[in-house]
Amino acid sequence: MTSQDTTAAATAGTALGAKTLSGMANAIRALSMDAVEAAKSGHPGMPMGMADVASVLFTQFLKFDAGDPKWPDRDRFILSAGHGSMLLYSLAYLLGYEDMPIEEIKRFRQIGAKTAGHPEYGMAEIVETTTGPLGQGIANGVGMAMAEAHLAARFGDDLVDHKTYVIAGDGCLMEGISQEAIALAGHLKLGKLIVLWDDNGITIDGSVSLSDSTDQLARFAASGWRTLSVDGHDPAAIADVLHQAQDSDRPVLIACKTTIGKGAPTKAGTSGSHGAPLGEDEIAGARVALDWPHAPFDVPDEILSAWRSAGARGRGAREAWAVRCDASDQKATFQQCLATDMSGLDAAMTAYKKSLAEEPPKVATRKASEMALGVVNDALAFTIGGSADLTGSNNTKTGDLGAFCAADYAGRYVYYGIREHAMAAAMNGMALHGGLVPYGGTFMVFTDYCRPAIRLAALMGVRSIFVMTHDSIGLGEDGPTHQPVEHLAALRAMPNVNVFRPADAIETAECWALALKADKTPSILSLTRQGLPPARLTHTDENLCARGAYIVADAPDPQIVLIASGSEVGIALEAQGKLACGAIRARVVSVPSFELFAAQDDDYRASVLGDAPRIGIEAGVRQGWDLFLRPADEFIGMNSFGESAPAKDLFEHFGITAERVEARARALVG
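Everything quoted here is computed from the prediction, not taken from an experiment.

J.: So what exactly am I meant to see when it comes to the pairing of strand 11 (residues 465-469) here?
T.: The side chains of a regular strand alternate, first on one face of the sheet and then on the other. Taken across its five residues, strand 11 has five buried, putting it largely inside the fold. Neither face of strand 11 is exposed, since I465, V467 and T469 on one face and F466 and M468 on the opposite face are all buried. Looking at chain direction, strand 10 (residues 437-443) and strand 11 are connected through five bridges and run parallel. For G441, the partnering residue across the bridge sits in strand 11 and is V467. As paired strands, strand 11 and strand 13 (residues 523-526) are joined by four bridges and run parallel to one another. Residue pairing across strands places F466 opposite I524, the latter belonging to strand 13.

Here you go:
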């Protein structure tokens, strides 16, 4: 939306008049307190406190069309303080989103309702991202603003020109991820990012002063933000400060001084309105204080009509955008990006796999990942990579992607700094925005720092690709602080995450192809620091890793089945050779993905695993291996933290060797 569009919209909103705007805000307050009361659960205070701010934002500034919720050039709105979800649901109903009838408001927090306790992406059209874990929404917003800046730099502001608005609370600003996110946003000078802080001074325990005395305006200013303040209950002042924020060369924080539970006669301004129903008597008093004599869930026609007009206010801007898009000579490329069209990937990957089979390389899978990314980034123009200050170790930068920075938003590589948590959450924001497939790297052990964002990616079903290198004791001398032991098991325990642990360059290429095509599932690539011998020596067009596990080396009527992932596939293959010298026939099964193998039918799984005794081999803990191993089978891996020593010495020290596999196999065969 141009500055003229914004000014015109604001003028139209002002024409509603103070009385109408007050009534519109009170509709949010009433629906919120009524829905929480009906559910006997929820958070009425924040929606009641921020109702005035939200009313001005949605009626005068936010560029959207309730009739086309997924319009690509809409402004993004994120409720980072997701506990106040009834603010968002009330807006959806009032604005006329087709999927949010009043019946959904009445079903707040019930099974199958679109009105979940915290906003969930994919359940209601107005929800841009799942929030609730505080601080995640701010970091998602940074990622969305980054995506907008990148696509605008590539395609121009005729096609891409929108803002990202975030409502955040005190809790969002206390969470550590917020500092990572705001520092990154300030450094990148993301001028189309506007955060509205609900400065109500209250947390669940009581006054914010019990636990915090941070000068948030000074903090944001020190991180490179423009800071503004406003009375959050003065619509004219709110409109004025939002006008000031429209054209900025850096992100903007607006501190909105509000009263939590505004209108509640005894609980307003207290923690009593934060996270529990107000109660019948308090609601009755609030109706009097707010001059809202209407029955629960009843919104007068004149108020509802004003809201519905606001919901249609952006239709003209959307139609004008569609005309510009149709006339653009970049339309086809732009639509390919929006669709994240993978049609060019298969042929490129097949040719690349053939070249690997012709000259199988002995490389670390982190290097194999870099090699595969060279193919991916050439074939797909919508990937955007990065690393949390470990570019040379994660091998995530290929060719001349160019740095994504304030001086050049067209760059395709982000230097996140030492901000693993914000990186993962910003990646989610980019994926949610659309038009990009983000990947980002750090060490596998630091999935602990990324885990909340990885979990939300899984819950939302978004394609964020986490490149996690140095994936076992094989990283060597950095020692147990950096050696993942339990991490593979912990990540595999999370629903809707594909954890890939490839054994060589060909498997790494196949796992990259699978991660890129899993558009409803985040992926983790678990990659080695140490070089690995090739496991696959012949070419096949089929992506064998898509089965999750497959026979990489067989023997007739095998007496023992050796099952391994990643770097331990080489150990299994070496053990197979040693066993053959003693006339013991061993099958070797490579397991790049537990999740994909679990999805195969019983016949396929039985054909791979067979009936012979089995040994599982992985430089991690045993949890999760029951997918492959029966009670009488054995596991060779880790049951403690690691040590600081060269990788070869560590594998020998912990007994993860071909010799030990051979000995245990002989004992099982008898």
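J.: Sorry if this is basic, but what is going on with the pairing of strand 16 (residues 586-590) here?
T.: The element strand 16 is extensively covered by neighbouring structure, given that five of its five residues are classed as buried. Residue alternation in strand 16 divides its side chains into two sets, A586, V588 and S590 and R587 and V589, and both sets are buried. Where strand 15 (residues 560-564) lies against strand 16, five bridges are found, and the strand directions are parallel. Within strand 16, the residue paired with A564 across the bridge is S590. Handedness of the crossover is the feature at issue here: the chain leaves strand 15, passes through helix 22 (residues 568-581), returns alongside strand 16, and the resulting connection is right-handed.

J.: I tried to follow the sheet that holds strand 6 (residues 226-231) on my own but got confused; where do I start?
T.: The pairing of strands in a sheet happens through backbone hydrogen bonds and is either parallel or antiparallel. Here we have five strands laid out as an open sheet, ordered 1-2-3-7-6, and parallel in their pairing. The open sheet is flanked by strand 1 (76-79) and strand 6, the only strands paired with a single partner. Ignoring which end each strand starts from, the neighbouring axes of this sheet average 20 degrees apart. For strand 3 (residues 193-199) and strand 7 (residues 252-257), the ladder comprises six bridges, and the chain directions are parallel. Within the sheet, the bridge partner assigned to D198 lies in strand 7 and is C256. Packing of helix 10 (residues 235-245) onto the sheet brings it into contact with strand 2 (164-169), strand 3, strand 6 and strand 7, and relative to strand 6 it is tilted by some 170 degrees.

J.: Which parts of the structure should I look at to understand helix 11 (residues 280-289)?
T.: Residues that lie three or four places apart on an α-helix share one face, since the helix turns once every 3.6 residues. For helix 11, the full list of buried residues reads E282, I283, A286 and R287. Projected onto a plane normal to the axis of helix 11, the buried residues spread over an arc of 145 degrees and lie on a single side. Residues of helix 11 that are exposed and point over 90 degrees away from its buried face: E280, D281 and V288. Looking at the buried positions of helix 11, the neighbouring elements they touch are helix 2 (18-39). Phi turns positive one or two residues past the end of helix 11, at D291, with a value near 55 degrees.

J.: Sorry, what's going on with the sheet that holds strand 16 here?
T.: The strand order 14-16-15-17-18 describes an open sheet built from five strands, whose pairing is mixed. Each end of this open sheet is capped by a strand with a single partner; those strands are strand 14 (550-553) and strand 18 (634-636). Averaged over all pairs of adjacent strands, the angle between their axes in this sheet comes to 30 degrees, without regard to strand direction. Two elements, strand 15 and strand 17 (residues 614-617), share four bridges in a ladder whose sense is parallel. Across the sheet, I563 pairs through a bridge with G616, a residue of strand 17.

J.: It is not clear to me how the pattern of salt bridges should be interpreted in this structure. Could you clarify?
T.: Once the charged atoms of two side chains with opposite charge are near each other, the side chains can pair. Evaluation of the coordinates by the stated rule reveals 32 salt bridges. For R501, the salt bridge identified is with E618, shortest N-O distance 4.0 Å. Of this pair, R501 sits in the loop between strand 12 (498-500) and helix 21 (505-517) while E618 sits in the loop between strand 17 and strand 18; the two residues are 117 residues apart in sequence, bridging distant segments of the chain. Each member of the pair, R501 together with E618, is buried. In this structure, D626 and R622 form a salt bridge, with 2.7 Å as the shortest nitrogen-oxygen distance. Given a relative accessible area of 57%, D626 falls into the exposed group. Residue R622 is classed as partly exposed on the basis of its relative accessible area of 31%. Residues participating in the shared-partner salt-bridge network are D471, R492, R501, E568 and E618.

J.: Is there a simple way to explain the packing of aromatic side chains in this structure?
T.: Pairs of aromatic rings are described using the distance from one ring centre to the other and the angle between the two planes. Using the criterion set out here, one finds 19 aromatic pairs in the structure. A centroid spacing of 5.0 Å and a plane angle of 75 degrees characterise the contact between F58 and F77, whose relative ring orientation is edge-to-face. Separated by 19 residues along the polypeptide, F58 in helix 3 (residues 45-61) and F77 in strand 1 bring together distant segments of the chain. The residues F58 and F77 share a single accessibility class, namely buried. Pairing F220 with W225 gives two aromatic rings, centres 5.0 Å apart and planes at 90 degrees, and the pair type is edge-to-face. Like W225, F220 is buried. Through a chain of ring-to-ring contacts, the aromatic side chains of F594, F597, Y604, W625, F628 and F635 assemble into a single cluster. A cation sits over an aromatic face here: K397 above Y413, 6.0 Å from the ring centre. One Lys or Arg, R492, reaches over the ring of F594 and ends 3.6 Å from the middle of that ring.

How each quantity is defined
- Residues numbered from 1 in each chain as written.
- Predicted model: local features only at pLDDT ≥ 70, side-chain atom pairs only at ≥ 80, totals over all residues.
- Heavy atoms only, no water.
- Buried < 20%, exposed > 50% of the residue type's maximum accessible area, 1.4 Å probe, protein only.
- Helix = DSSP H or I, 4+ residues; strand = E, 2+ residues; numbered from the N terminus.
- Pairing = 2+ DSSP bridges.
- Right-handed = clockwise from strand over helix to strand, strands pointing away.
- Axes fitted to C-alpha atoms, helices over the stretch in contact; angles between N-to-C directions.
- Contact = heavy atoms within 4.5 Å.
- Arc of directions from axis to C-beta.
- Salt bridge = Lys/Arg side-chain N within 4 Å of Asp/Glu carboxyl O.
- Phe/Tyr/Trp six-rings, centres within 6.5 Å; stacked < 30°, edge-to-face > 60°.
- Lys NZ or Arg CZ within 6 Å of the ring centre and 35° of its normal.

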